[in-house]
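Residue-level structure breakdown
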Amino acid sequence: MENPTGSNERELPSSCPIRMGATAGPEPEYEGIPWPGYKPRGSLARMLHNKAIHDYYLKQINKNDWYQCDLTQLHPDVARTFVQLDPDQDTISFLEEAERKSQWVLTQLWHTVVKMFLGWFMTQTSINGWLQRGSMFVVSRPQLLKLLNVDDTVKFQSLLDLGAGDGNVTAQLAPFFHRVYVTEVSVAMKNLLQRQGFSILDIDAWHRTNKYDVISCLNLIDRCDTPLDLLTQIRTALKPDGLVLLAVVLPFSPYVEAGACDHRPKQALPIEGDTFEAQVQSLVTNVLKPAHFEVLSWSRVPYLCEGDLQQSYYWLDDAIFVLKASDT
């Protein structure tokens, strides 16, 4: 599962309410945050000062904007399956916990030092697993129920979560299933998954051993070498009435962490467009339909990740789909 603090990291936009270097007027404070023109001495002091400014900006964000989509840019068949979500209490709780952890200065400094050292011979995913940091959040349980159009009494037989990472997202899905299976490449992440009691399947054989009621593939097709093959394997491993929960970061930017030296996948997905909505339409038309999937519902959600000494959390824009296999 892709980590938002990786190559697609979301930066503060230039239209940030507090712009670095602003000097007009006096240098007031807002809730204890000095005006950006103030420059503390010492590298750590400057880092913490900049983090305070970034976190102030994050508090000003209207979280509802993360979930908005201009349906007029989409084909009516795609627009009618859109499900409007919003930042529910589970989402807010994740953000509050991320903010609390980011304030553990000594822990964050330790993470920074270890990442610099381990980065020479370990992937970012494995480092996060070893440090047990960088947990992610895609969709809450109430949001999932709304996407699936079921109530909280539903109980499916089996879930397979592909590229489950540290299991934090899997744990949101698990209560709706009798059995939960996962796959993961990173040994460090596998250890975390095993501790949570999830059944770990072989990364190369999962699609040959069983069939599943629901397969989740969250933020993975832009991080694997052969995404078209992966979609075919998912369809093969579905029960006849099975469902797929697919999330894709848009704008689409494929990056294979442990692949070729240029980190480009062997198979390129033909996703085009300059806006979120245009890329959603392209994904449905050029990728999902040719792979014989039908969209039952979809939404726009933030793909959230715990932060660090730069800011409390990071986010990317996610399109999340509920799919079923199609004969056409």
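Everything below is about the structure shown above.
Here, residues in each chain are numbered from 1, in the same order as that chain's written sequence. Per-residue local features of the predicted model are confined to residues with pLDDT of at least 70, and side-chain atom pairs are confined, for both listing and counting, to 80 or more; whole-chain, interface and lining totals are unaffected and use all residues. Each side-chain value is derived from all of the structure's non-hydrogen atoms; neither hydrogens nor water enter the calculation.

1. With respect to the overall build of the protein
Quick reminder of the rule: Note on conventions: DSSP H or I runs of at least 4 residues are helices, E runs of at least 2 residues are strands, and numbering of each starts at the N terminus. Three exposure classes are used, based on accessible area relative to the maximum for each residue type with a 1.4 Å probe and protein chains only: buried under 20%, partly exposed in between, and exposed over 50%. Residue contacts are defined here by distance: any two heavy atoms, one from each residue, within 4.5 Å place the two residues in contact. All accessible-area figures derive from a Shrake-Rupley calculation using a 1.4 Å probe, and residue coverage is judged against the displayed protein chains alone.
In terms of regular secondary structure, the protein is built from eleven helices and ten strands. Of all 328 residues assigned to the protein, the portion counted as buried reaches 52%. Taking contacts inside the protein between residues at least 6 apart in sequence as the whole, the part at least 24 apart equals 69%. Carbon and sulfur atoms make up 52% of the accessible area of the protein, which totals about 16,000 Å².

2. Details of the pairing of strand β8 (residues 238–249)
Definition in use: Paired strands are those between which DSSP finds at least two bridges. Clockwise travel from the first strand over the helix to the second, with the strands pointing away from the viewer, marks a crossover as right-handed.
Where burial is concerned, most of β8 is hidden: nine out of the twelve residues are buried. Examined bridge by bridge, strand β7 (residues 212–218) and β8 share six bridges and lie parallel to one another. Its bridge partner lying in β8, Leu 218 is registered against Ala 247. Once the chain exits β7 it traverses helix α10 (residues 227–237) before rejoining the sheet at β8, and the crossover so formed is right-handed. The sheet contact formed by β8 and strand β10 (residues 313–325) spans six bridges and is antiparallel. Of the residues in β10, the one forming a bridge with Leu 246 is Phe 321.

3. Examining unusual backbone geometry
The residue after Leu 250, namely Pro 251, is reached through a cis peptide bond having omega 10 degrees. With respect to the helices, strands and loops of the structure, Pro 251 is situated in the loop between β8 and α11 (276–288). Backbone geometry at Asn 149 places phi at a positive 60 degrees, although glycine is not the residue there. Residue placement: Asn 149 occurs in the loop between α6 (141–148) and β4 (156–162). Owing to a relative accessible area of 70%, Asn 149 belongs among the exposed residues under this scheme. A positive phi is found at Asn 219, a non-glycine position, where the angle reads about 55 degrees.

4. So, the nonpolar core
The condition that has to hold: Take the buried Ala, Val, Leu, Ile, Met, Phe, Trp, Tyr and Cys residues and link them wherever side-chain atoms come within 4.5 Å; each set so joined is a nonpolar core.
Trp 66, Val 138, Phe 177, Leu 304, Tyr 313 and Ile 320 are the most contacted members of the largest nonpolar core, which has 46 residues in total. Ranked by residues supplied to this core, first place goes to β10 with five residues. Membership of the second largest hydrophobic core comes to 41 residues, among which are Cys 217, Ile 234, Ala 237 and Val 287.

5. As for the sheet that holds strand β9 (residues 293–306)
Here is the rule: Lines are fitted to the C-alpha atoms to define the axes, a helix being fitted only along its stretch in contact, and any angle between axes, read from their N-to-C directions, falls within 0 to 180 degrees.
If you trace the eight strands from one edge of the open sheet to the other, you get β3-β9-β10-β8-β7-β4-β5-β6, paired in mixed fashion. With one partner strand each, in any of the chains shown, β3 (136–137) and β6 (199–200) form the two edges of the open sheet. Examined bridge by bridge, β4 and strand β5 (residues 177–182) share five bridges and lie parallel to one another. The residue of β5 that forms the bridge with Leu 159 is Val 180. Packing against the sheet, α10 makes contact with β4, β7, β8, β9 and β10, and its axis sits at approximately 150 degrees to β8. Relative to β10, α11 is tilted by about 35 degrees, and along the sheet it contacts β8, β9 and β10.

6. Concerning α10
Rule in force here: Our arc is simply the arc of the directions from the helix axis toward the C-beta atoms.
Taken as a whole, α10 has its buried residues at Pro 227, Leu 230, Leu 231, Ile 234 and Ala 237. The buried residues of α10 occupy an angular sector of 130 degrees when projected down its axis, which confines them to one face. Residues of α10 that are buried in the fold lie against β4, α9 (206–209), β7, β8, α11 and β9.

7. Quick notes on the packing of aromatic side chains
Working definition: an aromatic ring pair is given by the centre-to-centre distance plus the angle between the planes. We count it as follows: Pairs were defined over the aromatic rings of Phe, Tyr and Trp, the Trp ring being its six-membered one, requiring ring centres within 6.5 Å. Orientation was assigned from the angle between planes: stacked under 30 degrees, edge-to-face over 60, tilted for the rest.
Following the criterion strictly, the structure yields eight aromatic pairs and no others. An angle of 65 degrees between the planes, with centres 4.9 Å apart, marks the rings of Phe 82 and Trp 298 as edge-to-face. Residue Phe 82 is located in the loop between α2 (76–79) and α3 (89–102), and its partner Trp 298 is located in strand β9; the two are separated by 216 residues in the primary sequence. The burial state of Phe 82 is the same as that of Trp 298; both residues are buried. Ring centres of Trp 298 and Phe 321 lie 6.0 Å apart, and the angle between their planes is 25 degrees; on these two criteria the pair is classed as stacked. Pair noted here: Trp 298 is in strand β9 and Phe 321 is in strand β10, with a separation of 23 residues, a long-range link.

Geometric values such as these leave the question of function open.
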